[in-house]
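The chain contents come next:
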Amino acid sequence: MPLNETNVMQRAQRLLVYTVNAANFSDKMDIVFVAEMIEKFSKYLEKFKDLGDVMVSMASNLMLADDRVLWVAQRDARACSRVVACLQRIAANMVVSAQAFSLTSPNIALEVHSVRAGEWGGMACVLFQKPGPERPPGQDRQLTFKAVRRR
């Protein structure tokens, strides 16, 4: 699938739609293909700021795939590690342009904070569910992730 600056966002959106059905992926090559495309998209992160959000959503969708399919894709092509490396590239790219940055999706929370070594006092991270009405079984719960830098 050839990519260039004129079609990268459109192709990323189309692949995002494809990954919505990741829970039904039964072949390791589905995972490998998406991992390769995420790698290709990462080359355009500096030019298209919204691309990181789409890539995080794709990675989040991949986490819905069957564990066995993910395991085989990782074993044979390091597909999962490659996706994680791309998520790290998103974070590295965002820290250059902002002091703090946050992207969330149903399965991934990406927080970026720029700190100087001399100012580092640690970080506290919390994942919590806001109180609300009881949800029927099988319905996703809404979780909130917070990362706070200590000075």
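Refer to the structure printed above.
Just so we're clear, the structure is a prediction, and the values are computed from it rather than from any experiment.

A. Local environment of the side chain of R82. As for its placement among the helices and strands, R82 is situated in helix α5 (residues 79-97). Setting aside its immediate chain neighbours within four residues, R82 contacts E36, E39 and A77.

B. Layout of a nonpolar patch on the surface. On the surface, V115, W120 and M123 cluster together to form a nonpolar patch covering roughly 250 Å² of accessible area. Tracing the backbone shows W120 in the loop between β2 (109-113) and β3 (123-129).

C. Structural detail: the pattern of salt bridges. Enumeration according to the criterion identifies five salt bridges in this entry. The partner of E36 in a salt bridge is R82, with the nearest N and O atoms 3.9 Å apart. With E36 in helix α2 (residues 28-42) and R82 in helix α5, this pair connects stretches of sequence that are 46 residues apart. Assessed through its relative accessible area of 35%, E36 is described here as partly exposed. Here E39 ties to R82 by a salt bridge, and the two come within 2.8 Å at their closest N and O atoms.

D. Spotlight on helix α4 (residues 67-77). Of the positions making up α4, those classed as buried are V69, L70, V72 and A73. With its buried residues spanning 165° around the axis, α4 presents them on a single face. Residues of α4 that are exposed and point over 90 degrees away from its buried face: D67 and R68. Put simply, D66 is the residue that caps the front of α4, since its side-chain oxygen is 3.0 Å from the backbone nitrogen of R68. Phi for R78, located one or two positions after α4, is positive at around 55°.

E. Seen up close, the environment of T19. Positionally, T19 belongs in helix α1 (residues 8-19). Taking relative accessible area as the criterion, T19 reaches 0% and is therefore assigned buried. In the structure, T19 is positioned 41 residues away from S60 in sequence and 9.0 Å away in space, judged by C-alpha atoms. Ignoring sequence-local partners within four residues, the contact set of T19 consists of F25, V34, M58 and N61.

F. Looking closely at the packing of α1 against α2. Where α1 meets α2, the closest approach of the two axes is 11 Å, and the angle between their N-to-C directions is 155°. In terms of orientation, α1 and α2 fall into the roughly antiparallel class. Every pair of crossing elements has a handedness; the one defined by α1 and α2 is left-handed. Facing V8, R11, A12, L15, Y18 and T19 of α1, the residues of α2 in contact are D30, F33, V34, M37 and F41. For the contact of α1 with α2, the per-class residue count stands at eight nonpolar, one polar and two charged.

G. Focus on helix α3 (residues 51-62). The end-to-end C-alpha separation of α3 is 17 Å, in line with the 16 Å expected for 12 residues at 1.5 Å each. Counting buried residues in α3 gives 10 out of 12 residues, a clear majority hidden from the surface. Taken together, the buried positions of α3 are L51, G52, V54, M55, V56, M58, A59, S60, N61 and L62.

H. Examining the packing of α2 against α3 more closely. Packing of α2 against α3 leaves a shortest axis separation of 11 Å and a crossing angle of 165°. The angle between α2 and α3 falls in the class roughly antiparallel. When you trace α2 past α3, the crossing you get is left-handed. On α3, the residues touching I31, V34, I38, F41 and S42 of α2 are L51, M55, M58, A59 and L62.

Procedures and definitions
- Residues numbered from 1 in each chain as written.
- Predicted model: local features only at pLDDT ≥ 70, side-chain atom pairs only at ≥ 80, totals over all residues.
- Heavy atoms only, no water.
- Helix = DSSP H or I, 4+ residues; strand = E, 2+ residues; numbered from the N terminus.
- Contact = heavy atoms within 4.5 Å.
- Patch = residues over 30% accessible without salt bridge, like charges linked within 9 Å, V, L, I, M, F, W, Y side chains within 5 Å.
- Areas by Shrake-Rupley, 256 points an atom, 1.4 Å probe, with all protein chains shown as cover.
- Salt bridge = Lys/Arg side-chain N within 4 Å of Asp/Glu carboxyl O.
- Buried < 20%, exposed > 50% of the residue type's maximum accessible area, 1.4 Å probe, protein only.
- Arc of directions from axis to C-beta.
- Polar contact = N/O pair within 3.5 Å; in protein donor to acceptor, adjacent residues only side chain to side chain.
- Axes fitted to C-alpha atoms, helices over the stretch in contact; angles between N-to-C directions.
- Parallel < 35°, antiparallel > 145°, perpendicular 65-115°, else oblique.
- Left-handed = near helix turned anticlockwise from the far one by under 90°.
- Nonpolar A, V, L, I, M, F, W, Y, C, P; charged D, E, K, R; others polar.
- Expected span 1.5 Å × (residues − 1).

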